[in-house]
Amino acid sequence: MVRFPDGFLWGTATAAHQVEGDNWNNDWWAWEHAPDTACVDPSGDACDHYWRYPQDLDILVELGFQAYRFSIEWSRIEPEEGEWSGAQLDHYARMLDACIERGLQPVVTFHHFTTPRWAASDGGWTNPVIAERFARFCEHAVAALGDRIAMACTINEPNIVPLMGWLMGAFPPGRTQDLDGYAKATEHLIAAHRRAFDVLKAGPGDFPVGLTLSMSDWWAEPGCEAEMQQYRAHHEDVYLEACRDNDFVGVQAYSRTRVDSTGVTGPEPGVEVLAMGYEYWPSAAEAAIRHAVEVTGLPVYVTENGIGTDDDDQRIRFLQESLAGVARTIDDGLDVRGFFHWSLMDNFEWAFGYRMKFGIVGVDQTTQRRTIKQSARWLSEVVKSNMLP
Ligand code: GCO
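Residues numbered from 1 in each chain as written. Predicted model: local features only at pLDDT ≥ 70, side-chain atom pairs only at ≥ 80, totals over all residues. Heavy atoms only, no water.

Caption draft 1: Layout of the nonpolar core. In this structure, Ile72, Phe110, Trp125, Phe134 and Val326 are the most contacted members of the largest nonpolar core, which totals 112 residues. Ignoring sequence-local partners within four residues, the contact set of Trp125 consists of His111, Thr115, Ile130, Phe134, Ile155, Val161, Trp166, Lys184, Ala185, His188, Leu189 and Ala192. In terms of nonpolar packing, the next biggest core, distinct from the first, is built from 15 residues, Met151, Phe248, Phe340 and Met356 among them. (Core = buried A, V, L, I, M, F, W, Y, C linked by side-chain atoms within 4.5 Å. Buried < 20%, exposed > 50% of the residue type's maximum accessible area, 1.4 Å probe, protein only. Contact = heavy atoms within 4.5 Å.)

Caption draft 2: Looking closely at the site of the ligand. Surveying the vicinity of the ligand reveals 13 residues, the closest of which are Gln18, Glu157, Glu304, Glu349 and Trp350. A distance of 3.2 Å separates an oxygen atom of the ligand from a polar atom in the side chain of Trp342. Glu349 is positioned with one of its side-chain polar atoms (N or O) 2.6 Å from an oxygen atom of the ligand. Alone, the ligand offers 320 Å² of accessible surface; in the complex the protein occludes 93% of this. Broken down by class, the residue content of the shell around the ligand amounts to six nonpolar, four polar and three charged. (Near = heavy atom within 4 Å. Polar contact = N/O pair within 3.5 Å; in protein donor to acceptor, adjacent residues only side chain to side chain. Areas by Shrake-Rupley, 256 points an atom, 1.4 Å probe, with all protein chains shown as cover. Nonpolar A, V, L, I, M, F, W, Y, C, P; charged D, E, K, R; others polar.)

Caption draft 3: Layout of the packing of aromatic side chains. Summed over all chains, the structure comprises 24 aromatic pairs. Seen from their ring centres, Phe113 and Trp350 are 5.0 Å apart, and the 65 degrees between their planes marks the pair as edge-to-face. In this pair, Phe113 is assigned in the loop between strand S4 (105-111) and helix H6 (117-120) and Trp350 in the loop between strand S10 (336-342) and strand S11 (361-363), connecting sequence segments 237 residues apart. Residue Phe113 is classed as buried on the basis of its relative accessible area, which comes to 7%. When the centroid spacing of 6.0 Å and the interplanar angle of 70 degrees are considered together, the rings of Phe348 and Trp350 count as edge-to-face. Each member of the pair, Phe348 together with Trp350, is buried. (Phe/Tyr/Trp six-rings, centres within 6.5 Å; stacked < 30°, edge-to-face > 60°. Helix = DSSP H or I, 4+ residues; strand = E, 2+ residues; numbered from the N terminus.)

None of the figures reported here should be taken as evidence of function without further support.
Listed below in structure tokens is the structure:
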């Protein structure tokens, strides 16, 4: 048995656009309906979590979790530039109160991939004005909600937004190989994070602030160590270095990235490949934690980790191995303070739509009925005992 430290924070994570439903005023809803979209499904009603969150939070309590990470939707709170919705701020205040009433620490993400249509319409993240636009949104949101927040994540995976939006074409604005756009978006996302950090620390409430970063277990084929480190520096270190004065780093690693003489290469022959297209690699979280601490020296929360699979037994096996890796980092003295499973429930997996199942709770997209999976029962035992079998 492996025991986690007293006070280790166990939670699950979601994101507004992936679970709320009817989230139409942002660049993702528009992208889902664009003629050249990469999306296999529109998000539609998602999990109707905008209305059903009380019942979903009750499930978290039943399973013994102590925290819930979710995002607030910029396009609901500021539907047009300079227009602020008190009703939407009240909605999220009720969500936060519902967490607190249930003994769940609310961990709020202020940007999780979606950007209001009006802010995406004139260059979006390639327009330098967006950093101040985002900071102003954070200022309004924290003024209304700050007293209720336990932890804040400024921007979710800022490194994925430029990669998928300007190089790979899978996220809005759907551009491919736009290196100039990629560089500008990267610069402005880092600027936005730094402005948001200052704004959130200055606002009401007293809570740790950081960003959540998409990371990997990076492997160099023989003789390719320098290339690997260069790729990792572009994809991770440039963000980690911008976070050194933050309160924590949110580490989110799902698989391995291999680099050979041709650059970033595909899965290794003989290693299982998941429906997401990447290797089954449960030691990713451990490797990413070690790198995040190496670069920043900051406390770490695993703010996302999980597996997209229809095989719930495989999910349990993955979590057993992944959590064993997290425990090894703690045994080595690294300051790892919590683990948030991605995700609470099966939800809208961006361009993959509803095909990928990351939840420990199933959702029937027609009836919205929730089904607690065996993996939820297994993880609940870990959470309640704070031990890994
Ligand atoms: C991400 C996002 C989540 C994903 C999850 C599974 O990391 O891409 O934070 O929205 O759904 O990672 O891919």
